[in-house]
Amino acid sequence: MKKRKVISLLAMFMGIAVFSTACGQTAQTQEGADTSKTAQNSDAVSTAASNVSSAGNASNAGSASNSIDLNSMTLDQITQKAKEDKEVDSVGMPDSWANWGQTWKDINSKYGITHNDSDMSSTEELQMFKTEGKNATKDIGDVGQAFGPQAVSQDLVLSYKTSHWDSVPDWAKDKDGKWMIAYTGATTFLVNTDLVKTPPTSWADMEKGDYKVAIGDINGGTAQAAVIASAYAFGGSLDNLDPAFTFWTKLAKAKRISTLDVKQQNFQTGEVPVGVIWSFTAIPYKNAITQYHLKATIPSDGSILSGYASVINKYAPHPYAAALAREYIFSDAGESNLASSGAIPTRTDVKIPKNIQDATFSTADYQKSVPMKDTNAYEAACKKVVSRWQDEILPLLGQ
Amino acid sequence: MTRKKYGYLLALLPFFVVALMYEIIPLSMVLIKSFLPDEGGSFTLVNYKIIFTKLLYQRSIYNSMKISLISSLAGILIAVIGAKAAHAIKGRGKVSFMLILNMVSNFAGIPLAFAYMILLGNEGVLVHMGHYLGIASLEKFQLYTSFGMSIVYIYFQIPLATLLLIPSFDALKKEWSESAQLLGGTHSLYWRKIAIPVLMPEILGTFCILFANALAAYATVYALMMSDFPLLPVEIASNYVGEIQTRPGLGGALSVVMMSIIAVMITLSNILIKKLQKGVSRRG
Amino acid sequence: MDKTKKYERIWILIIMIYLLIPLAITMVYSMFQKWTKVLPEKFSLSGYGAVFSDKLFLYAVIRSIVMCIIPIAVTTVIVLLALFVAFVYFPGLKKFIQMICMIPYSIQGVILSVSILSFYVSVNNIFSNRYMMLCGAYCVIILPYMFQGIYNGMNAIEMSTLMESAQMLGAGGMYAFFRVIVPNIATSIFVSALLAMGIIFGDYVLVRNLTGTAFENMQIYLYQIMKTDSVKASAVFVIIMMITFCITAAVFSLKGKERIGHHKKRGRK
């Protein structure tokens, strides 16, 4: 009897503890949401005031409750403060993606700013900004172009226009500079020519082959883009994905879909003979892998152009370093780094030099690709791709 | 005497505090969120409805349970054989066996997936060997199927189970096997009628751990199959870290389902233990 | 009896070979530049050279080891105390504790890290410190292993008899516990602690989500390297295995001296 009493007492105590914390937590989050809205409204009024105060406590940027106004500072001021920041922490900008490695190296050698990256998907990056809130540990991120507007609507980012604002086309930037797209890439086939005797140059070629094809995790932007590109190849569009799914169902039934991720190591071991990725990852992979001969081709019948937007965390612990990083990314040197990975710079006044074109793709190759300018339509199409893949293709895989 | 007895409850306090802070509370948050729809709103069962009606999630529950059961059964079988063998040989051999087991139990996740890719993948060493030697089963081996996954799962179940069972086998009293021999019983009779029944609680307990371990395994299978093989932990993760949107409600509901499956398994095995214990007296 | 021993030895050999093959493969892969057919080509230890000259690797190893110590110590103590009280005084609590300890299995990885993060990050005191969160998360993650090992160990010895005899001889409750019970289940504790260490070493998701890749433990270092060069990554992994092997061997040899003493004592009876 005594034992039962003890157990029930403990259970009651724990139940009360749990419920009270749970209720307290939801109340807390509600309050948190309210205060951030009021902060937004008073932003415009207090910008001038916060300028003075933020200049004073640059090192305590994380604790400032109003957002910092980077646009009213000169480049020299920002450079100065960035050097004081000494480091920049990024999300989703690893060295091997679009040649960020070179850019981070340049920033280090030019300004003495060190760098750390945590690689994550676009959703995870915004999630991180959101969950961390004022206790942020990340400064700058690189998200799929569909996520720029999301970041703005959730008020997660700072505005910074950089000195190259005017040369960036309107579709590649938020009107306040809260996100800016520095580069786009084209759908690309990366083929292991040692294992595949007839490398495909188009989706039609691929349909006739006998090798396995990998596109990566369907929840990731790269795979979704691959399916949409295949839709264009077979006569479909963002609204009509049926031709794409006919094609992929055919491949699935022939057991030609590889379930591996399209990461460098899987190409390196030869497990993935043909992968569909972006031009700015295909070139770096091709250059880095010595075990096999690889060839990067932009499919002639279906390729889309999609970009990635630079976003600066609203509560970034090193906002000035982040701003300087963005400035460098859009500078001639930064855009050139991007171009040498196979990315297409968005700045209208930057032309890719011939030697880089020879090492990657010519501008003529890129012309074949369809730009995805309508982000809402693209986002909706991506959602359809995921749910249709789960309903139609998944049951045929891995059996 | 009674006051002293209740005083001992204090010893339980640190345990409960830690468990509460880092396990119970996060868990309750997940549970609560599972009843909230992702678009915002109040209490609803819509997440659970989605799980039980969408083919993808039905498949993941089925696949997860299938692979977990198979790999746990195979794992526990091999572990019993291994622990029994380790019990018989003492000294140096046993110690090095345990050393290797321990080292290999860290071999999981991407490194394990990578090793199996090199071994049995499309361009795997064994596959090439099968091609040269003309062994069709090796040459045609498909790693990226549910069969291939089971093989990989069994691999990481073995060290875990064996390590957990060796101490239990060590506790078998030598007197028991000696008396069994004196009474004219054979070696296998001893094992069948005395030792295994005595060890059943531990074996079943370890089986539950293996089951839960397999059910929750994520990194290894994700590296090999991405999201293309519907499994519960993969689906849960993709609801939290997808590219399009995070759906904590649905992810939470899936987690609750997973936890319930494990709870059911534990209850079943406890019932089984009670039934078996009826005839066995350990303090004899 | 000798014949049976032979069979047993064969079984153990088979199991060991099966378990060691993937490890051996990784080792071979790390020592050759190219392995596209049956036999590898171009022997080179450049992978290992690159790893050892990389300072980041050393820091990563140290960080991993440091992160192991506190959670293992904390969890061992709390589980020992809790199970001790449960076994001796309140047997009804055993199932309750078991339930709590089995739960972490189902909330591993993503869920645990996301829920802990979202709950504690907004609380502005010591608990929102990332490393505190990571410690707490690790304590919870290794609960099932510590529980199962210590539970098996306690089941195996006759706790109440031992406690009664100790108390009859005049030892107090706690003293009896620490001097009598614990040494008897020491094997289980050590085995579980080593298992737990393996879990923490192998953890990737929790570190990534809670402290970010700025805190590079071994797994994060491994994954970063894996993205660029799988040969070097294999070398890193082989080194990790060697380190684990050495630590385990050291622990075992320390314990082995204890146990031989025990055997001798029992033999005299």
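Residues numbered from 1 in each chain as written. Chains lettered and ligands numbered in written order. Predicted model: local features only at pLDDT ≥ 70, side-chain atom pairs only at ≥ 80, totals over all residues. Heavy atoms only, no water.

1. Some thoughts on the overall build of chain A
Right, so step 1: On a plain count of helices and strands, chain A comes out with 15 helices and twelve strands.
Right, so step 2: Looking at chain A as a whole, 59% of its 399 residues are labelled buried.
Right, so step 3: Split by element, the accessible area of chain A, about 16,000 Å² in all, is 53% carbon and sulfur. (Helix = DSSP H or I, 4+ residues; strand = E, 2+ residues; numbered from the N terminus. Buried < 20%, exposed > 50% of the residue type's maximum accessible area, 1.4 Å probe, protein only. Areas by Shrake-Rupley, 256 points an atom, 1.4 Å probe, with all protein chains shown as cover.)

2. Quick word on a positive patch on the surface
Right, so step 1: A grouping of Lys90 and Lys174 of chain B together with Lys5 and Arg9 of chain C is seen on the molecular surface, where their side chains present a positively charged patch.
Right, so step 2: The residue Lys174 of chain B is located in helix H10 (residues 174-182) in this model.
Right, so step 3: You can call Lys174 of chain B exposed: its relative accessible area is 58%. (Patch = residues over 30% accessible without salt bridge, like charges linked within 9 Å, V, L, I, M, F, W, Y side chains within 5 Å. Salt bridge = Lys/Arg side-chain N within 4 Å of Asp/Glu carboxyl O. Lys, Arg positive; Asp, Glu negative; His and termini not counted. Charge placed at Lys NZ, Arg CZ, Asp CG, Glu CD.)

3. Focus: the packing of aromatic side chains
Right, so step 1: Enumeration according to the criterion identifies 27 aromatic pairs over all chains in this entry.
Right, so step 2: For the ring pair Phe15 of chain B and Phe16 of chain B, a centre distance of 5.4 Å and an interplane angle of 65 degrees mean the geometry is edge-to-face. With respect to burial, Phe15 of chain B and Phe16 of chain B carry one shared label: buried.
Right, so step 3: Ring geometry for Phe107 of chain B and Phe237 of chain C: centres 4.7 Å apart, planes at 35 degrees, overall tilted. Highlighted residues: Phe107 of chain B in the loop between helix H5 (92-105) and helix H6 (110-120) and Phe237 of chain C in helix H12 (residues 230-268), drawn from two different chains.
Right, so step 4: Given a relative accessible area of 3%, Phe237 of chain C falls into the buried group.
Right, so step 5: Site record: aromatic cluster; members linked through ring pairs are Trp97, Trp100, Tyr183, Trp278, Phe280 and Tyr308 of chain A.
Right, so step 6: Between the NZ or CZ atom of Lys161 of chain A and the centre of the ring of Trp165 of chain A, over which it lies, the distance is 5.2 Å.
Right, so step 7: Above the ring of Trp165 of chain A, the side-chain terminus of Lys173 of chain A is found at 4.3 Å from the ring centroid. (Phe/Tyr/Trp six-rings, centres within 6.5 Å; stacked < 30°, edge-to-face > 60°. Lys NZ or Arg CZ within 6 Å of the ring centre and 35° of its normal.)

4. Focus on the domain arrangement of chain A
All names here are of chain A.
Right, so step 1: Considered domain by domain, chain A is made up of domain 1 (9-184 + 306-371) and domain 2 (187-305 + 392-397).
Right, so step 2: Contact between domain 1 and domain 2 buries roughly 1,700 Å² in total, counting both sides, with carbon and sulfur atoms accounting for 67%.
Right, so step 3: Interface area lost by domain 1 to domain 2 is led by Ser306, Phe361 and Val370, which between them contribute 31%.
Right, so step 4: Where domain 1 touches domain 2, the interface holds zero salt bridges.
Right, so step 5: On the surface where domain 1 and domain 2 come into contact, there are five residue pairs in polar contact (both at pLDDT 80 or more).
Right, so step 6: Only strand S5 (180-192), strand S10 (304-313), helix H14 (363-367) and strand S12 (370-371) provide two or more residues apiece to the side of domain 1 that touches domain 2.
Right, so step 7: Taken together, the residues that form the side of domain 1 that touches domain 2 break down as eleven nonpolar, nine polar and two charged. (Domains from an automatic or database assignment. Buried area = accessible area lost by both parts, 1.4 Å probe. Polar contact = N/O pair within 3.5 Å; in protein donor to acceptor, adjacent residues only side chain to side chain. Nonpolar A, V, L, I, M, F, W, Y, C, P; charged D, E, K, R; others polar.)

5. Describing helix H2 (residues 13-34) of chain B
Residues and elements named next belong to chain B.
Right, so step 1: With 22 residues, H2 ought to run about 32 Å at 1.5 Å a step, and its terminal C-alpha atoms sit 29 Å apart, in line with that.
Right, so step 2: Where H2 bends most, the angle comes to about 50 degrees, and this point is Leu20.
Right, so step 3: In terms of burial, H2 is largely enclosed, as 16 of its 22 residues are buried. (Expected span 1.5 Å × (residues − 1). Bend = angle between axes of the 7 residues up to and from the residue.)

6. Considerations on the nonpolar core
Right, so step 1: Counting residues in hydrophobic clusters, the biggest one holds 311 residues, and the most contacted among them are Tyr183, Trp248 and Trp389 of chain A, Phe15 of chain B together with Met154 of chain C.
Right, so step 2: No fewer than three residues from each of domain 1 (9-184 + 306-371) and domain 2 (187-305 + 392-397) of chain A sit in this core.
Right, so step 3: What Trp389 of chain A contacts, discounting residues up to four positions off in sequence, is Ile215, Ile218, Val227, Phe245, Trp248, Ile257, Leu394 and Leu397 of chain A together with Asp228 of chain B. (Core = buried A, V, L, I, M, F, W, Y, C linked by side-chain atoms within 4.5 Å. Contact = heavy atoms within 4.5 Å.)

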